[in-house]
Amino acid sequence: MEFNNVFSDMAEADFATIISSQENCLAFLATIKWQEGYFCKKCGHDNFCRGTFPYSRRCTRCKYNESATAFTPFHACHIPLPDAFRIAREICCKPKVSTWELKRKTNIRQMTCWKLKQKIMNSHLKD
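Residues numbered from 1 in each chain as written. Predicted model: local features only at pLDDT ≥ 70, side-chain atom pairs only at ≥ 80, totals over all residues. Heavy atoms only, no water.

1. Some thoughts on the overall build of the protein chain
On a plain count of helices and strands, the protein chain comes out with six helices and three strands. In the protein chain, the succession of α and β elements from N to C terminus is α-α-α-β-β-β-α-α-α. Relative to the compact-globule value of 14 Å for 127 residues, the protein chain shows a C-alpha radius of gyration of 15 Å, a close match. The principal-axis extent of the C-alpha atoms belonging to the protein chain is close to 45 × 30 × 25 Å. (Helix = DSSP H or I, 4+ residues; strand = E, 2+ residues; numbered from the N terminus. Rg over C-alpha atoms; globule rule 2.2 N^0.38 Å.)

Now the structure itself:
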């Protein structure tokens, strides 16, 4: 699934449910991330168990722990995921939205909005 379609094609009520909590965001992200199955980034093994973080997966061979946000635009995101998802939806629906407009709408620093926009626009999930 194309990343920009994940948010832009979603009904407003569904999106509101997802962004209602950090946990819902992580659950949604894990579902999208591993929809085609899990493969360990370190050893390529496809068997996993529950990881040490919420919605993370741990390789049963090499014990590598991968969070739901790892290798996504939300990796190392310093703002709450519901806020990051709001910004991502805005960017996916209006790719030419300015980061200053995002700042005004979300009350998050313009540079933070710019960095997240760059991650989303350059994301491998987008293609």
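2. Observations regarding helix 3 (residues 22-33)
If you check helix 3, its first and last C-alpha atoms are 16 Å apart, about what twelve residues at 1.5 Å a residue would give, namely 16 Å. Regarding helix 3, the residues found buried are C25, L26, F28, L29, A30, I32 and K33. (Expected span 1.5 Å × (residues − 1). Buried < 20%, exposed > 50% of the residue type's maximum accessible area, 1.4 Å probe, protein only.)

3. Structural notes on the state of the cysteines
Evaluation of the coordinates by the stated rule reveals zero disulfides. C49 forms no disulfide, and the closest cysteine sulfur to it belongs to C59, at a distance of 8.6 Å. As a non-bridged cysteine, C92 has C93 as the owner of its nearest cysteine sulfur, 6.8 Å distant. (Disulfide = S-S within 2.5 Å.)

4. Focus on the packing of aromatic side chains
The description of an aromatic ring pair uses the distance of the two centres, along with the angle that the planes make with each other. Counting across every chain of the model gives four aromatic pairs. Taken together, a centroid distance of 4.9 Å and an interplanar angle of 45° make the contact between F74 and F85 tilted. Residue F74 is located in the loop between strand 3 (65-66) and helix 4 (81-93), and its partner F85 is located in helix 4; the two are separated by eleven residues in the primary sequence. The pair formed by F74 and F85 is uniform in burial state, with each residue classed as buried. A cation sits over an aromatic face here: K41 above F71, 5.2 Å from the ring centre. Residue placement shows R89 over the ring face of F15; its charged tip is 4.7 Å from the ring centre. (Phe/Tyr/Trp six-rings, centres within 6.5 Å; stacked < 30°, edge-to-face > 60°. Lys NZ or Arg CZ within 6 Å of the ring centre and 35° of its normal.)

5. Structural notes on the pattern of salt bridges
What the rule picks out here adds up to six salt bridges. Residues R89 and E12 are paired through a salt bridge, measuring 3.5 Å at the closest nitrogen-oxygen approach. Here R89 is found in helix 4, whereas its partner E12 is found in helix 2 (residues 12-18), with 77 residues between them in sequence. Taking the relative accessible area as the measure of exposure, E12 reaches 54% and is therefore exposed. With a closest N to O distance of 3.2 Å, K94 and E90 form a salt bridge. (Salt bridge = Lys/Arg side-chain N within 4 Å of Asp/Glu carboxyl O.)

6. Description of the environment of E101
Along the chain, E101 falls in helix 5 (residues 99-106). For E101 and I120, which are 19 residues apart along the polypeptide, the C-alpha to C-alpha distance reads 16 Å. In contact with E101, other than residues within four places in its own chain, are E90 and K94. (Contact = heavy atoms within 4.5 Å.)

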